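Per-entry structural report
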Amino acid sequence: MCGIVGYVGTEPAAPVLLSALHDLEYRGYDSAGIAVLEPDGGVVSITKREGKLANLEAALNALDASAATTGIGHTRWATHGRPSDINAHPHRSCAGEVVVIHNGIVENYAELRARLRAEGHEFVSETDTETIAHLMEGLVKSGRSLLDALRITCSQLEGSQAILAMSPTQPGIIVAARVGNAGGIVLGYGKDEMVLASDLAAVLPRTRQVAFLADGQVAEITKTGARYVNEHGSPVDVPVREIDIDPASALKGQYPHFMLKEIMEQPESLSDTIQSLVSQEPPEVHCADLGPAEARLASIDRVVLIGMGTSLHAAMIGRRFIEELAGIPAEVDNASEFRYRDPILGPNALVVSVSQSGETVDVLEAMNVARAAGALQVTICNTQGAQTTRVAHGTVYTRAGLERGVASTKCFTTAIAALYALALRLGLAKGRLGPGELRERIQDLTRVPDAVGRALDDMGVYTRLADQYHEAEHLLVLGRGLAFPVALEGALKMKEISYVHAEGYAAGEMKHGPIALIDPSFLTVAIATTHALRSKIVSNIEQVQARGGRVIAVITEGDAHVTRLADQCIEIPAVAPLLEPIVATVPMQLLSYAMALRRGCDVDQPRNLAKTVTVE
Ligand code: M6R
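Every value quoted in this text rests on a predicted model; they were computed, and no experiment measured them.

So, on to the site of the ligand. Ser311, Ser355, Ser357, Thr360 and Glu496 are the nearest of the 15 residues found near the ligand. One of the backbone N or O atoms of Val406 is found 2.8 Å from a nitrogen atom in the ligand. For the ligand, the protein covers 92% of the area, taking 410 Å² as the surface of the free molecule. For the shell around the ligand, the secondary structure elements donating two or more residues are helix H9 (309-326) and helix H17 (483-498). Looking at side-chain class alone, the shell around the ligand contains 5 nonpolar, 8 polar and 2 charged residues.

Laid out in structure tokens, this is it:
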């Protein structure tokens, strides 16, 4: 969940690291720190501060490190040891021979620490990370290269880790290791420089030539390139590829928050995603990255979709697409539950994982379970080359561009579009979709970006609603059918950025308990669009109102009946029934954003959260 970055080159490292840390801060903001080193070695200069990056930035103003052209930097999401200056990374060994930053958890750190203490090592922090520096120091002192020291140290660590380390005894070098699924390390190949980081956002401003470290690989980086070994020390080839993401998408531009920018980008992200997956004349579904999965689609007789958080909600919608468009029985499971079951997956089962980052640890572990069971796997992912795409047989990429807001928005709606394309592809493979229906379904999909654009038109509605309801502490979001996952997603957005306790409910459940909550101070949002079993949800609205509760309804344009009934209505344009969830998602994104602003919350960096969850 932490953000890690390293730089070896010809420029002063500190400003490069700081700029990259801005791009990584969404991964954790309990503390931040950097360590820099001059080309001829000497002493490593470490600066670190509790709290947001601004604190580190202020401290760095006093540092003259212009001659230091190698360095590592870290933004922390605390696991072991409370947020503090001392627990902030980088951590160093007692003699200062090794400096380390880390993302992951050293599960056996207590035993290692006790052993190292008995050997005379003194610890200054409460972190698990510091054990790595001490372990490496012993090996470096015995004459091992930094690469070997890290590789051997990794073999002693339990759990998943992504680690960067450097040493004044071996200047001009950074070593990096990935063990398990604690998060990726991207290596960027620049001109006379290398930059490596937890994700692309921090690398793209300097280069688009990148390589991804796989599980078990260790790399040694100098300013002219990298060499890679596996866990046994044997050399391995890691392919370098060009990434076609515009680095400008990593900037906020005219928007005050990444979240708002990303909400507003949805028409374009959807359009890019849809155009990459389907064409209208002739009507075709491409899904070009399905790879070896393509040939096996016709034999699929069951689909299991998995994901976490927002991606799980997309998977719930995808399930319906697969059943309706491909006629294949489909089910959905939370990846963190699936991985601890012994799922029964026959040879003709397809596991579809949804993960915008492609690095979520529970999804990766669930995929390992599916792999062990021999299932075919397709992943829906927004990050080229991410770990999920390497585990799955095939990928359907979304083209949302970088998503920086911790609250996922455009990656949700584009994942739904990608799942629709995959369901069409399965429908074709199963011979269930004729050319006429395919043409119609593709046309439906291509109309969605425009409808989303119209749903985004009037921010004023949400500002007014937030003015009226910003003191609400509880909120029920009701939906039926395909609007149920939309309700879950809407409640998640509200919880995570405005800290309002919000629950998404299948509207039919309301009478089975939640209705007891309704009183005149209670606020309910009902997704009451045309295709969301509208007549049934209208009854729910009436039941809430009969008990004095207040209702905001999300309705299809021109629905006069619900307009008269609800306290307030938010209108969205009509689209094809199956695709309504994409458009119906927009109101809760904007309402959550407006509520968060009105309540003075930090929209892009909500408390306790991190964008990519790489620890259990
Ligand atoms: O990268 P992933 O899609 O696998 O992330 C899964 C969840 O952590 C993520 O969707 C999370 O729920 C959202 N950031 C919430 O807005």
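Here the focus is the state of the cysteines. Within the structure shown, the criterion is met by 0 disulfides. Free cysteine: Cys2, not disulfide-bonded; nearest cysteine sulfur from Cys154 at 16 Å. Its relative accessible area of 7% is what places Cys2 among the buried residues. A disulfide-free cysteine, Cys94 has its sulfur positioned 19 Å from the sulfur of Cys154, the nearest such atom.

Further remarks concern the sheet that holds strand S3 (residues 41-50). Strand pairing within a sheet occurs via backbone hydrogen bonds; the two strands may be parallel or antiparallel. Within the open sheet, the 8 strands sit side by side as S3-S2-S4-S1-S10-S9-S11-S15. Their pairing is antiparallel. The strands lining the two open edges of the sheet, one partner per strand, are S3 and strand S15 (241-242). Alignment of strand S1 (residues 3-8) against strand S10 (residues 193-197), held across 4 bridges, turns out to be antiparallel. Directly across from Val8, in S10, lies its bridge partner Met194. Its contacts with the sheet place helix H1 (residues 13-24) against S1, strand S2 (31-38), strand S4 (70-76) and S10, and it is angled at close to 155° to S1. Each of S2 and S3 is contacted by helix H2 (residues 53-60), which is oriented at about 135° to S3, the strand it contacts most.

Moving on to the environment of Leu478. Here Leu478 is to be found in strand S23 (residues 474-479). Not counting the four nearest positions on each side in its chain, Leu478 is found in contact with Ala487, Tyr505, Ala507, Met510, Thr524, Val525, Ala526, Ile527, Ile537 and Asn540.

We now examine the packing of aromatic side chains. Counted by the stated rule, this structure contains 1 aromatic pair. Look at Phe321 and Tyr420: their rings are 5.2 Å apart centre to centre, the planes differ by 90°, and that puts the pair in the edge-to-face class. Of this pair, Phe321 sits in helix H9 while Tyr420 sits in helix H13 (residues 410-429); the two residues are 99 residues apart in sequence, bridging distant segments of the chain. Neither residue differs from the other here; Phe321 and Tyr420 are each classed as buried.

For an α-helix the count is 3.6 residues per turn, leaving residues at separations of three or four pointing the same way. End to end, helix H20 (residues 580-598) covers 28 Å across 19 residues, agreeing with the expected 27 Å (1.5 Å per residue, within 8%). Directly after H20, the chain includes Gly600, whose backbone phi takes a positive value near 70°.

Before going further, it helps to spend a moment on the sheet that holds strand S18 (residues 302-307). One open sheet holds the 5 strands; their spatial order is S19-S18-S20-S21-S22, and the pairing between them is parallel. Each end of this open sheet is capped by a strand with a single partner; those strands are strand S19 (330-334) and strand S22 (394-397). For this sheet the average axis-to-axis angle between neighbouring strands, irrespective of direction, equals 20°. Where strand S21 (residues 376-381) meets S22, 4 bridges bridge the pair, whose relative direction is parallel. For Val378, the partnering residue across the bridge sits in S22 and is Gly394.

Okay, the packing of H9 against H13 next. Packed helices, taken two at a time, are described by their axes: the angle between them and the distance between them. Packing of H9 against H13 brings their axes to within 8 Å, and their N-to-C directions diverge by 25°. Taken together, H9 and H13 sit at an angle that is classed as roughly parallel. The way H9 lies across H13 gives a crossing that is right-handed. The segment H9 lies against H13, with Thr310, His313, Ala314, Ala315, Ile317, Gly318, Phe321, Ile322, Leu325 and Ala326 engaging Phe412, Ala415, Ile416, Leu419, Tyr420, Ala423, Leu424, Leu426 and Gly427. Considering only residue class, the contact of H9 with H13 consists of 15 nonpolar, 4 polar and no charged.

Take empty space enclosed by the protein next. One pass over the full model with this rule turns up 4 cavities of 30 Å³ or more. There is about 280 Å³ of room inside the largest cavity. Around the largest cavity sit 24 residues that line it, and Tyr26, Asp199, Leu200, Ser357 and Thr383 are the ones nearest its centre. A per-class count over the lining of the largest cavity returns 9 nonpolar, 9 polar and 6 charged.

Considering all chains together, one arrives at 27 salt bridges under this definition. Note that Lys410 and Glu265 form a salt bridge whose closest N and O atoms lie 2.6 Å from each other. Placement of the pair is Lys410 in helix H13 and Glu265 in the loop between helix H7 (258-264) and helix H8 (266-277), with a sequence separation of 145 residues. For Glu265, a relative accessible area of 17% translates into the label buried. The residue Arg341 makes a salt bridge to Asp333 at a minimum N-O spacing of 2.1 Å. Under the relative-accessibility criterion, Arg341 is labelled partly exposed at 42%. Each of Glu11, Glu193 and Arg206 takes part in a single network of salt bridges with overlapping partners.

Scoring rules and cut-offs
- Residues numbered from 1 in each chain as written.
- Predicted model: local features only at pLDDT ≥ 70, side-chain atom pairs only at ≥ 80, totals over all residues.
- Heavy atoms only, no water.
- Near = heavy atom within 4 Å.
- Polar contact = N/O pair within 3.5 Å; in protein donor to acceptor, adjacent residues only side chain to side chain.
- Areas by Shrake-Rupley, 256 points an atom, 1.4 Å probe, with all protein chains shown as cover.
- Helix = DSSP H or I, 4+ residues; strand = E, 2+ residues; numbered from the N terminus.
- Nonpolar A, V, L, I, M, F, W, Y, C, P; charged D, E, K, R; others polar.
- Disulfide = S-S within 2.5 Å.
- Buried < 20%, exposed > 50% of the residue type's maximum accessible area, 1.4 Å probe, protein only.
- Pairing = 2+ DSSP bridges.
- Contact = heavy atoms within 4.5 Å.
- Axes fitted to C-alpha atoms, helices over the stretch in contact; angles between N-to-C directions.
- Phe/Tyr/Trp six-rings, centres within 6.5 Å; stacked < 30°, edge-to-face > 60°.
- Expected span 1.5 Å × (residues − 1).
- Parallel < 35°, antiparallel > 145°, perpendicular 65-115°, else oblique.
- Left-handed = near helix turned anticlockwise from the far one by under 90°.
- 1 Å grid on protein atoms, 1.4 Å probe; cavity = no way out; pocket = protein on both sides within 12 Å on 5 of 7 lines; lining within 4 Å.
- Points joined across faces, edges and corners; volume = space filled by probe spheres on them.
- Salt bridge = Lys/Arg side-chain N within 4 Å of Asp/Glu carboxyl O.

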